[in-house]
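# Architecture at a glance
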Amino acid sequence: MSGDQRQTVVVTGACGGMGRACVASFAPRARIIAVDIDPARVNALAEEWNAKGHDVVPASFDLVAVGVAEELAQLTLGSGTPAAFVHTAGLSPTMGDPERVMAVNLIATQRLVDAFAEIAVPGFTAVIIASIAAHSVRPEGALADLLMKPLAPDFWRKIAPFCPNSEASYAFSKWGAMMLCEREAAKWGRKGARINSVSPGVIDTPMGRQEAAHQGAVMEMMINICPAGRWGRPEDIAGAVEYLCSDAASFVTGVDLRVDGGTIPALRYST
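Now for a look at the structure at hand. Please read all numbers here as calculations on a predicted model, not as lab measurements. (Residues numbered from 1 in each chain as written. Predicted model: local features only at pLDDT ≥ 70, side-chain atom pairs only at ≥ 80, totals over all residues. Heavy atoms only, no water.)

### What to know about the side chain of Ser-199
Looking at the secondary structure, you find Ser-199 in strand β6 (residues 194–200). Accessibility expressed as a relative area gives 0% for Ser-199, which makes it buried. Within the structure, the side chain of Ser-199 is placed 3.5 Å from the side chain of His-135, a separation counted as a polar contact. Leave out the neighbours within four places in its chain, and Ser-199 touches Ala-130, Ser-131, Ile-132, His-135, Met-178, Asp-256, Leu-257, Arg-258, Val-259 and Asp-260. (Helix = DSSP H or I, 4+ residues; strand = E, 2+ residues; numbered from the N terminus. Buried < 20%, exposed > 50% of the residue type's maximum accessible area, 1.4 Å probe, protein only. Polar contact = N/O pair within 3.5 Å; in protein donor to acceptor, adjacent residues only side chain to side chain. Contact = heavy atoms within 4.5 Å.)

The following block contains the structure:
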């Protein structure tokens with residue numbers, strides 16, 4: 001490990017709405033490795049925060065590429081004491097075809113979790129952004145088994161029939177990411193580390209607004225039924241992530257925290 005012992009927090013999707021909020025939450029007290037696929041945007045983000053006296057290191061990666069997860073983990077290891085991995089990067093249904101959505105949201109996530117498990121030290125935490133879409137599906141049998149093994153060589157060929165469109169691929173990919181955190185908890189615990197997921201509801205981010213433009217009726221229904229009576233804010237997600245990474249959550253691992261203003265229970269128990 002580097003002689004620099006400053007705590008390091010990795011935030012993927014750092015230029016997105018939730019990613020930016022997480023950078024803002026952690027930057028005052030930790031070195032941030034800000035990860036985004038767009039080098040110009042992530043460099044600008046780092047310059048913005050460094051001009052304020054913070055320590056933000058830009059890193060441009062396509063997280064789907066083979067070997068990138070390990071490269072990012074080693075970059076983290078060489079940047080100080082690994083403190084947290086916050087994975088907000090992902091694609092919504094309108095942002096890619098079914099295969100690309102699955103690759104970004106689940107396959108890349110599995111690789112990242114595997115790579116960061118290798119460098120996890122006592123006190124290290126990971127938070128993976130899932131979605132309330134994961135709570136709208138109930139994969140069983142062969143589908144559930146497939147989603148547990150996203151790195152299998154023939155994974156996409158076998159799961160493609162279950163993903164006729166990007167909406168289905170999105171929901172199943174986020175369910176797989178949520179279950180990944182649950183089944184990894186014991187392994188991480190043996191290293192003194194924790195892993196959890198957060199399932200956002202309808203959040204006022206560029207991605208959320210893009211989905212609303214394509215699925216206006218569905219989004220309007222979800223907001224109308226939401227007990228909180230509003231869109232979620234990126235800061236709502238960052239607050240939940242900060243809690244899960246804090247000592248206050250030291251007994252919390254392998255769980256999914258819904259941050260949806262009560263939308264899922266309202267849908268379940270609506271009359």
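### Let's talk about the environment of Gly-90
Inspection of the secondary structure puts Gly-90 in the loop between β4 (81–87) and α4 (98–119). Along the sequence, Gly-90 and Arg-41 sit 49 residues apart, while their C-alpha atoms lie 16 Å from each other. Other than its neighbours up to four places away in sequence, Gly-90 contacts Val-104, Asn-105 and Met-207.

### As for the packing of helix α1 (residues 17–26) against helix α2 (residues 39–50)
Between α1 and α2, the shortest axis-to-axis distance is 12 Å and the interhelical angle comes to 25°. The pairing of α1 with α2 is recorded here as roughly parallel in orientation. Considering only the axes of α1 and α2, their crossing is right-handed. In this structure, α1 uses Arg-20, Val-23 and Ala-24 to contact α2, whose residues at the interface are Leu-45, Glu-48 and Trp-49. (Axes fitted to C-alpha atoms, helices over the stretch in contact; angles between N-to-C directions. Parallel < 35°, antiparallel > 145°, perpendicular 65-115°, else oblique. Left-handed = near helix turned anticlockwise from the far one by under 90°.)

### Quick word on the state of the cysteines
By the definition in use, this model includes 0 disulfides. Of all cysteine sulfurs in the structure, the one in Cys-22 sits closest to Cys-226, which takes part in no disulfide; the separation is 20 Å. When its relative accessible area of 7% is taken as the criterion, Cys-226 is described as buried. The cysteine Cys-245 is free of any disulfide, with Cys-22 supplying the nearest cysteine sulfur at 8.2 Å. (Disulfide = S-S within 2.5 Å.)

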